[in-house]
Number of protein chains: 2
Amino acid sequence: MMQLQEGRDKFIQAWGTLGSSWGINRTMAQIHALLLISPIALSTEEIMDALGISRGNVNMNVRSLMDWGIVHKELRPGDRKEYFHAEKDIYLTAMKIMRERRKRELEPLITIMTQLKQVEKLETPEGQALTKAVHDIDHFAHQADTVLTTMEKMTSNWFTQQFLSVIKKIKPL
Amino acid sequence: MMQLQEGRDKFIQAWGTLGSSWGINRTMAQIHALLLISPIALSTEEIMDALGISRGNVNMNVRSLMDWGIVHKELRPGDRKEYFHAEKDIYLTAMKIMRERRKRELEPLITIMTQLKQVEKLETPEGQALTKAVHDIDHFAHQADTVLTTMEKMTSNWFTQQFLSVIKKIKPL
DNA sequence: TCACTTTTTCAGAAGTTATTGAAAGTGTAG
DNA sequence: CTACACTTTCAATAACTTCTGAAAAAGTGA
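Residues numbered from 1 in each chain as written. Chains lettered and ligands numbered in written order. Predicted model: local features only at pLDDT ≥ 70, side-chain atom pairs only at ≥ 80, totals over all residues. Heavy atoms only, no water.

What exactly am I supposed to notice about the overall build of chain A here?
Across its full length, chain A holds seven helices and three strands. For chain A, contacts bridging at least 24 residues in sequence account for 56% of all contacts bridging at least 6. Element-wise, carbon and sulfur atoms account for 55% of the exposed surface of chain A, whose accessible area totals about 8800 Å². (Helix = DSSP H or I, 4+ residues; strand = E, 2+ residues; numbered from the N terminus. Contact = heavy atoms within 4.5 Å. Areas by Shrake-Rupley, 256 points an atom, 1.4 Å probe, with all protein chains shown as cover.)

Just to check I follow, could you spell out the protein's contact with DNA strand D for this structure?
Lining the immediate surroundings of DNA strand D are 17 residues, of which Thr27, Ser54 and Arg80 of chain A together with Asn59 and Arg63 of chain B lie closest. A distance of 2.8 Å is found between a phosphate oxygen of DNA strand D and a backbone nitrogen or oxygen belonging to Ser54 of chain A. Interatomic distance of 3.3 Å between a side-chain N/O atom of Arg80 of chain B and a base nitrogen of DNA strand D. Those elements that provide at least two residues to the surface near DNA strand D are α4 (55-67) of chain A together with α4 (55-67) of chain B. When residues of the surface near DNA strand D are assigned to their parent elements, the largest contribution, four residues, is made by α4 of chain B. (Near = heavy atom within 4 Å. Polar contact = N/O pair within 3.5 Å; in protein donor to acceptor, adjacent residues only side chain to side chain.)

Would you mind going over the sheet that holds strand β3 (residues 82-86) of chain B with me for this structure?
Whether parallel or antiparallel, the strands of a sheet pair through hydrogen bonds between backbone atoms. All names here are of chain B. Read from one edge to the other, the open sheet built from three strands follows the order β1-β3-β2, with strand pairing classed as antiparallel. Strands with a single pairing partner mark the edges of an open sheet, and in this sheet they are β1 (42-43) and β2 (71-75). As defined by bridge partners, β1 adjoins β3 across two bridges and the pair is classed as antiparallel. Of the residues in β3, the one forming a bridge with Ser43 is Tyr83. Across the sheet, helix α2 (residues 26-36) lies against β1, β2 and β3, angled at about 85° from β3, the strand it touches most. (Pairing = 2+ DSSP bridges. Axes fitted to C-alpha atoms, helices over the stretch in contact; angles between N-to-C directions.)

Looking at this model, I keep getting lost on the protein's contact with DNA strand C. Mind explaining?
Around DNA strand C lies a shell of 16 residues, among which Asn59 and Arg63 of chain A together with Thr27, Ser54 and Arg80 of chain B are the nearest. Backbone atoms, meaning sugar and phosphate, form 67% of the atoms of DNA strand C found within 4 Å of the protein. At 3.3 Å, a side-chain N or O of Arg80 of chain A approaches a base oxygen of DNA strand C. Ser54 of chain B places a polar main-chain atom, nitrogen or oxygen, 2.8 Å from a phosphate oxygen of DNA strand C. Every element with two or more residues in the surface near DNA strand C is listed here: α4 of chain A together with α4 of chain B. Looking at the surface near DNA strand C, the element that brings in the most residues is α4 of chain A, giving four residues.

Got a minute to help me understand the environment of Leu36 of chain A in this structure?
All names here are of chain A. Assignment of secondary structure puts Leu36 in helix α2 (residues 26-36). Classification of Leu36 as buried rests on a relative accessible area of 4%. For the pair Leu36 and Lys88, spaced 52 residues apart in sequence, the C-alpha separation works out to 6.2 Å. (Buried < 20%, exposed > 50% of the residue type's maximum accessible area, 1.4 Å probe, protein only.)

Okay, here's the thing in structure tokens:
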């Protein structure tokens, strides 16, 4: 049977590794993991000590986590330090990460494809191949954007209760 | 009005930049872009020349693109060179990227959460916070896996025609 | 205002990932 | 078997990203 401290370390380690593939850097993900399993909000110093990282690093990554909307600041009366805690609803967290990634990845893609639609239309195979690729990607990006925007508007609760059952009922081709 | 060559360069450049945020490295994405807008299959040398990169780099990245299933090898009778072409259906390409990412990101996450369920259950706030996080993430990961697996089984055509309209009909909460 | 506490910034160091190019490997035709 | 045409590998290195720690800035109360 695994002990608590071992489990906590393993959890932080795992979330850090996984985070990288989700477009979140290792330390940012580790801080997120630490706050996720902490019942109370933690100060910069506590995070530094728990993860053995520098003040600058904690500050920078906590700021980013707040930009993503998945970590929040807490102020305690009579205390000048800032304390941080993570959003504990994992579905809401996933939605917010999705939202941020949509903004950072899909929106620039749509902008560029819009520019590329201005390429002179030629009858050559080269010209047609480019036109087709631009058209297809633009179409896809808009659809993906619509899907993600719609999902964003729905609560985490909705995801839990409805989305899965809807998907399950659709017959695979 | 933008000229063809300028458009092609811009397209390759854009796809390369975007690729990085989709978990595909810059060069791999640029090779993919080049093949996507090429009406004919290209040899290693042609890719090297078009993108100004080394033989080893082309070889390595083309291999990865084939592992992802979005680039294919073509052999021409009487020619010992290998020629490469990209899957031109952008929805199918997106599905294959999704599939690969599910395997690389979600499956290891599920494995680790399964291990972490073995942590001794304690009544302390620390113990309960860890147990809850592990439970929630495990539940989420299984759901996400089911959704993605279901989508994988559907054709690109299905995505185009059905998914969007289904999503659109669901009333946001 | 000053003295003190906490946060932010940023140049350089450390660490990570991608790329090259030459050498080794593979397959084929004569 | 040998020569050739191509592909693959991999150690060295280049390019890029993250992290540190000390200094500057910002905030607070007396």
